[in-house]
Amino acid sequence: MTLLSLIFPASMLILLGCSTAIAPSIHEYTIYSPHEAHPSMVARSSKALRIAATKSVPSLLSKHIYYLRPSGESGHYLYSRWSDIPPVLIERNLHTLLEEKALFSALLTSGSHANAEWILESDLSAFYHRFDSRGNSQAVIDMTYRLIDSGTKRLIASKRFLITPPSPTEDAPGGVKALTQATNELTEQCTLWLAEQIKNNP
């Protein structure tokens, strides 16, 4: 038996072993609303509201869960992802809460062809898990909302929300928990802001 005949089967076994290695499974996360389903105590508007599709930076139009290091290094977790892109997750969360609060006579999604007196536009600038130099981390959501009168195209009001709750752990699950909390805080604050606009613009 030659040396070559011994090396070849051993090489094949190594290659087969590599080809049958099982890659880690992908963990998929969504954002749920913990809000209780009861109407708001504020006055209900007679107007219909359309929630326009959120505009965002290109990197947030994917299902990646992004992180940012103190050095400025950014990336995404390899084996964790969102069930949908962040703008859609936030829009869905806000729609659920506004339905529960029943602030408007009708609530329309961006895909609806029905008419609405008011339109809610939004720009998402940040949605990631940020680490600091001390080894701690937090979620970061930076969203700007604009309320538009669809008939006159007048800007009724605009407000920027920067939400940064701490993360319970310094990994993907911790980032998901913090971003979920941040999203719920964002939609709650936006709902309160919209209630103020109803009061100020009957």
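Data block above holds the structure.
Residues numbered from 1 in each chain as written. Predicted model: local features only at pLDDT ≥ 70, side-chain atom pairs only at ≥ 80, totals over all residues. Heavy atoms only, no water.

## So, unusual backbone geometry
- A positive phi is found at alanine 102, a non-glycine position, where the angle reads about 55 degrees.
- Among the secondary structure elements, alanine 102 is positioned in the loop between α2 (86-101) and β6 (106-108).
- The partly exposed category is assigned to alanine 102, whose relative accessible area is 29%.
- A positive phi angle is found at lysine 153, which is not glycine, with a value near 65 degrees.
- Counting through the fold element by element, lysine 153 comes out in the loop between β8 (137-149) and β9 (155-163).
- Among the residues examined, lysine 153 registers a relative accessible area of 63% and is labelled exposed. (Helix = DSSP H or I, 4+ residues; strand = E, 2+ residues; numbered from the N terminus. Buried < 20%, exposed > 50% of the residue type's maximum accessible area, 1.4 Å probe, protein only.)

## Here's the deal with the pairing of β9
- Where β8 lies against β9, eight bridges are found, and the strand directions are antiparallel. Paired with arginine 146 across the two strands is serine 158, which belongs to β9. (Pairing = 2+ DSSP bridges.)

## A closer look at α2
- Here α2 is 16 residues long and its end C-alpha atoms lie 23 Å apart, about the 22 Å a rise of 1.5 Å per residue gives.
- Positioned one or two residues after α2, alanine 102 has a phi angle of 55 degrees, which is positive. (Expected span 1.5 Å × (residues − 1).)

## A look at the side chain of serine 62
- With respect to the helices and strands, serine 62 occurs in the loop between β3 (55-56) and β4 (64-68).
- A distance of 3.4 Å separates the side chain of serine 62 from the backbone nitrogen of histidine 64, its partner in a polar contact.
- Leaving out residues up to four positions away in the same chain, serine 62 has contacts with Ile85 and Pro86. (Polar contact = N/O pair within 3.5 Å; in protein donor to acceptor, adjacent residues only side chain to side chain. Contact = heavy atoms within 4.5 Å.)

## Observations concerning the packing of aromatic side chains
- Applying the stated criterion to the full structure yields five aromatic pairs.
- When the ring of tyrosine 145 is compared with that of phenylalanine 161, the centres are 5.9 Å apart and the planes differ by 70 degrees; the resulting orientation is edge-to-face. With a gap of 16 residues between them, tyrosine 145 in strand β8 and phenylalanine 161 in strand β9 connect regions that are remote in the sequence. The same class applies to tyrosine 145 as to phenylalanine 161, namely buried.
- One aromatic cluster is present, built from ring pairs that chain together Tyr145, Phe161 and Trp193. (Phe/Tyr/Trp six-rings, centres within 6.5 Å; stacked < 30°, edge-to-face > 60°.)

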